[in-house]
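Residue-level structure breakdown
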Amino acid sequence: MKKFVIWLCLLIITILFFYTCKLPQFENESENIELNESYVEEVTELFIKENNSEKYIFNTNEEKYLTNKGYTIWTTTSVNTTKSFENIEWFVQKESGNEDAGFGLVFCEQDIEDKKYMLCVMINTQRQYIIGEVKDGNFITLIDWKSSPYLNKGFGIKNKINVSFNEEKKYFEIKFNDVYITEFKSNENIKFENSKRGFVVVISNAENFPQESVKVIFEQ
């Protein structure tokens, strides 16, 4: 009986040891908010265009955007005027903010079945990218976060994002810094003509507001 009690105590201690060792890893992973849980809102006034240039600056440290789910802010700045997809190409760079939070481009913004729809490609300062679609305010991942050696790492560093459409194969193609990266398809009945395109910035729940702002520059 005494041996059984000792064995049972050792078993409980072992279980607790492994549980407490794994717990911090789980908590660290949860700091990166899933985009499909984030608040998604169009806030055009946060994307300021510089006079006589094709340069937009996003900059905010407003604490109302700090939520436990994160906050995804987007805007549109131009229209696809033809029936075919007009290529998109912008230089993007993050000056400050959380290093893991995404920023990038939105395109094909339109109403489908009376619900807002758009596609987006985002990168972060850690050489990672993600591709998804937003349906009625909900982010749906098409290609989950992946690393790319063709992205430049760090704050204040430019990366060029290019989005095109292969008419023959009916898929979108993504290039970073003029290097082909990947392709993807949308299952929605997208119309290119009169669809809108613009920018997107994710505000992490780990931002240091109001001491440090999230600042992102978009430039052609």
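Structure: see above.
All of the points below concern the structure found in this document. Computed from a predicted structure; not experimentally measured.

Reading the values: rules and limits
Residues numbered from 1 in each chain as written. Predicted model: local features only at pLDDT ≥ 70, side-chain atom pairs only at ≥ 80, totals over all residues. Heavy atoms only, no water. Helix = DSSP H or I, 4+ residues; strand = E, 2+ residues; numbered from the N terminus. Buried < 20%, exposed > 50% of the residue type's maximum accessible area, 1.4 Å probe, protein only. Contact = heavy atoms within 4.5 Å. Areas by Shrake-Rupley, 256 points an atom, 1.4 Å probe, with all protein chains shown as cover. Phe/Tyr/Trp six-rings, centres within 6.5 Å; stacked < 30°, edge-to-face > 60°. Lys NZ or Arg CZ within 6 Å of the ring centre and 35° of its normal. Pairing = 2+ DSSP bridges. Axes fitted to C-alpha atoms, helices over the stretch in contact; angles between N-to-C directions. Polar contact = N/O pair within 3.5 Å; in protein donor to acceptor, adjacent residues only side chain to side chain. Core = buried A, V, L, I, M, F, W, Y, C linked by side-chain atoms within 4.5 Å. Salt bridge = Lys/Arg side-chain N within 4 Å of Asp/Glu carboxyl O.

**Comments concerning the overall build of the chain**
A tally of regular secondary structure across the chain gives one helix and 14 strands. The 220 residues of the chain split such that 43% are buried. The long-range fraction of contacts in the chain, counting pairs at least 24 apart against all pairs at least 6 apart in sequence, stands at 64%. Carbon and sulfur atoms make up 48% of the accessible area of the chain, which amounts to about 12700 Å² in all.

**Observations concerning the packing of aromatic side chains**
Under the counting rule described, the total for this entry stands at 18 aromatic pairs. Aromatic side chains Phe 85 and Phe 107 sit 6.1 Å apart centroid to centroid with 70 degrees between the ring planes, which places their arrangement in the edge-to-face category. Within this pair, whereas Phe 85 is found in the loop between strand S4 (71-79) and strand S5 (88-96), its partner Phe 107 is found in strand S6 (residues 103-112), the two being separated by 22 residues in sequence. As far as burial versus exposure is concerned, Phe 85 and Phe 107 are alike and both buried. For the pair Phe 172 and Phe 192, a centre-to-centre distance of 6.1 Å together with 80 degrees between the ring planes defines the contact as edge-to-face. Taken together, the residues span a long stretch of sequence, with Phe 172 in strand S11 (residues 171-176) and Phe 192 in the loop between strand S12 (179-184) and strand S13 (196-203) at a distance of 20 residues. No difference in accessibility class separates Phe 172 from Phe 192, as the two residues are buried. Through a chain of ring-to-ring contacts, three or more aromatic side chains come together here, namely Phe 47, Tyr 56, Phe 58, Trp 90, Phe 199 and Phe 218. It is Lys 158 that lies over the ring of Phe 91; its NZ or CZ is 5.8 Å from the centre. Seen from the ring of Phe 85, Arg 197 lies directly overhead, with NZ or CZ sitting 5.4 Å from the centre.

**Some remarks on the sheet that holds S4**
The seven strands are arranged S1-S4-S13-S6-S7-S8-S9 in an open sheet whose pairing can be described as mixed. One side of each edge strand has no neighbouring strand; the edge strands of this open sheet are strand S1 (39-42) and strand S9 (138-147). Across the sheet, the axes of successive neighbouring strands diverge by a mean angle of 20 degrees, strand direction being ignored. Judged from the seven bridges that link them, strand S8 (residues 128-135) and S9 form a sheet pairing that is antiparallel. Bridge pairing links Gly 132 to Thr 141 in S9.

**Here we look at the side chain of Thr 125**
Looking at the element boundaries, Thr 125 is found in the loop between strand S7 (115-123) and S8. Reaching out from Thr 125, the side chain makes a polar contact with the backbone oxygen of Glu 99 at a distance of 2.8 Å. Ignoring sequence-local partners within four residues, the contact set of Thr 125 consists of Lys 94, Glu 99, Phe 103, Lys 153, Gly 154 and Phe 155.

**Notes on the side chain of Ser 96**
Within the fold, Ser 96 resides in strand S5. Take Ser 96: its relative accessible area is 13%, and that puts it in the buried class. There is a polar contact of 2.8 Å between the side chain of Ser 96 and the backbone oxygen of Ser 213. When sequence neighbours within four positions are dropped, the list of residues in contact with Ser 96 reads Phe 155, Glu 212, Ser 213, Val 214 and Lys 215.

**Considering the nonpolar core**
A general feature of soluble globular proteins is that nonpolar side chains tend to end up buried together. In terms of nonpolar packing, the biggest core is built from 42 residues, with Phe 58, Phe 107, Val 163, Phe 172 and Phe 218 touching the most fellow members. In terms of residues, this core owes the most to one element, S6, which gives five residues.

**Topic: the pairing of strand S10 (residues 159-166)**
Burial analysis of S10 places eight of its eight residues in the buried class, which makes it a mostly covered element. Along S10, one buried face is formed by Asn 159, Ile 161, Val 163 and Phe 165 and the opposite face, lined by Lys 160, Asn 162, Ser 164 and Asn 166, is buried too. Examined bridge by bridge, S10 and S11 share six bridges and lie antiparallel to one another. Following the sheet pairing, Phe 165 is matched in S11 by Phe 172. Counting the residues between successive antiparallel strands, the hairpin from S10 to S11 contains four residues, one of them, Lys 170, with a positive phi of roughly 60 degrees.

**Topic: the pattern of salt bridges**
Side chains carrying opposite charge are able to pair once their charged atoms draw close together. Throughout the structure, instances matching the rule amount to ten salt bridges. Of the charged contacts in the structure, one is a salt bridge between Asp 111 and Lys 116, with a shortest N-O distance of 3.7 Å. Lys 116 sits in the partly exposed class, given a relative accessible area of 36%. A salt bridge links Glu 188 to Lys 135; its shortest N-O distance comes to 2.6 Å. Here Glu 188, found in the loop between S12 and S13, pairs with Lys 135, found in strand S8; they are 53 residues apart in sequence, far enough to count as distant. Given the relative accessible area of 25%, Glu 188 is considered partly exposed. Overlapping salt bridges, with partners in common, bring together Glu 89, Lys 160 and Asp 178 in one network.

So far we have only geometry, and geometry alone does not tell us how the molecule works.
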